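# Analysis of the macromolecular model
These are the residues of each chain, in order.
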Amino acid sequence: MRIAVTGSIATDHLMAFPGRFVDQLLPDQLEHVSLSFLVDTLEVRRGGVAANIAYGLGGLRLDPLLVGAVGPDFAEYEVWLKEHGVDTGSVHVSTEHQTARFMCMTDQDTNQIASFYAGAMAEAGRIDLYAVHARTPLDLVLVSPNDPGAMLRHTEQARELGIPFAADPSQQLARLTGAEVRSLVTGARWLFTNEYESALLRERAGWSHTDVLDRVGTWVTTLGAQGVRIDAKGEPTVTVGAVPDVRAADPTGVGDAFRSGFLAAVGWGLPLRTAAQLGCAMSALVLAAVGSQAYEIQPERLLATLRTVYGEHAAGLLEEKLGQLT
């Protein structure tokens, strides 16, 4: 399955605060917050939601097509992505702005405070999926967080081209209007959210849980340490637990890795439960590393995790595909 992953491409600046954010907030002073946190570490890593997802899909040999906007500082990052199986031929390079920056601070409870500079991402709406599809026919378009105008344009173009699409609005839900959310979600073959985003999406769109299921094929909701829930209209809910006892080094990119594993398994024609299990196993790899692209996929290790956590049947369904990665 040829997947175009549209969305953000960024450099991550990841910092670790040795305390707890909640201990620094005074309830009677929340209208006048002025805080500076002394952090212990700074890691500069490659990131961006679309690039993270494409990296995971590339590692699973899905040959993903990355669709996003970057600055003239992208050259080294582009080499890295190409070396890890990502097609960057449809990336737009700005002559005016630098590649986006994600700045994130994580406390000892893995709570995060982050900011995001869009930079070149503001030009992502210039990318034409008609031209992308003409260059390399697409089987699925994943619309992940990006410039809002680009998200809307790429969703509408996927509909016009008759290409199935997956909606992953996640962090951009805070910026989108109700009408924009409804436009991005309606008709999606796959809808990805985490638990908080699922509530925010319903609030923004003015929809109930049933309303959402009336408008999408399958709704995949990640639940952190509790795993994942999969809902579809008229079908029993599928739940899969997360990989237990993973030392949490950095939560950045965990959801992106889940999407990589899930979509890879779906592309291989495997059942939804198996897709969720591979997604959770991929998430565990990222959670144990600092940085969203700091992991390597080792097929035997991944299969061992699947066998231990989800059983022989799950590992058996994935053994042939993962074995081809060696």
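The structure displayed is predicted, hence computed values, not measured ones.

Scanning all chains against the criterion turns up 15 salt bridges. Linking Arg-2 and Asp-87 is a salt bridge whose minimum nitrogen-to-oxygen distance equals 2.9 Å. Placement of Arg-2 in the segment before strand E1 (3-6) and of Asp-87 in the loop between helix H2 (75-83) and strand E6 (92-93) is noted, with a sequence separation of 85 residues between them. Exposure class is identical for Arg-2 and Asp-87. Each is buried.

A word on helix H9 (residues 272-287). Under the 1.5 Å per step criterion, the end-to-end length of H9 is 22 Å for 16 residues, consistent within 8% with the ideal 22 Å. The buried count for H9 comes to 13 of 16 residues, which makes it a mostly enclosed element.

Ordered by their spatial adjacency, 8 strands build an open sheet running E4-E1-E9-E10-E11-E12-E13-E14, and the pairing between neighbours is mixed. In this open sheet, the two strands that pair with only one neighbour each are strand E4 (65-67) and strand E14 (238-240). Between one strand axis and the next, the sheet turns by 20 degrees as a mean value, whatever way the strands run. Relative to strand E11 (residues 190-194), strand E10 (residues 165-167) is paired through 2 bridges, and the arrangement is parallel. Looking at the pairing, Ala-167 lines up with Leu-191 of E11. Running at roughly 155 degrees to E11, helix H8 (residues 254-267) makes contact with E1, strand E9 (140-143), E11, strand E12 (218-222) and strand E13 (228-231) of the sheet.

Reading guide: rules and limits
Residues numbered from 1 in each chain as written. Predicted model: local features only at pLDDT ≥ 70, side-chain atom pairs only at ≥ 80, totals over all residues. Heavy atoms only, no water. Salt bridge = Lys/Arg side-chain N within 4 Å of Asp/Glu carboxyl O. Helix = DSSP H or I, 4+ residues; strand = E, 2+ residues; numbered from the N terminus. Buried < 20%, exposed > 50% of the residue type's maximum accessible area, 1.4 Å probe, protein only. Expected span 1.5 Å × (residues − 1). Pairing = 2+ DSSP bridges. Axes fitted to C-alpha atoms, helices over the stretch in contact; angles between N-to-C directions. Contact = heavy atoms within 4.5 Å.

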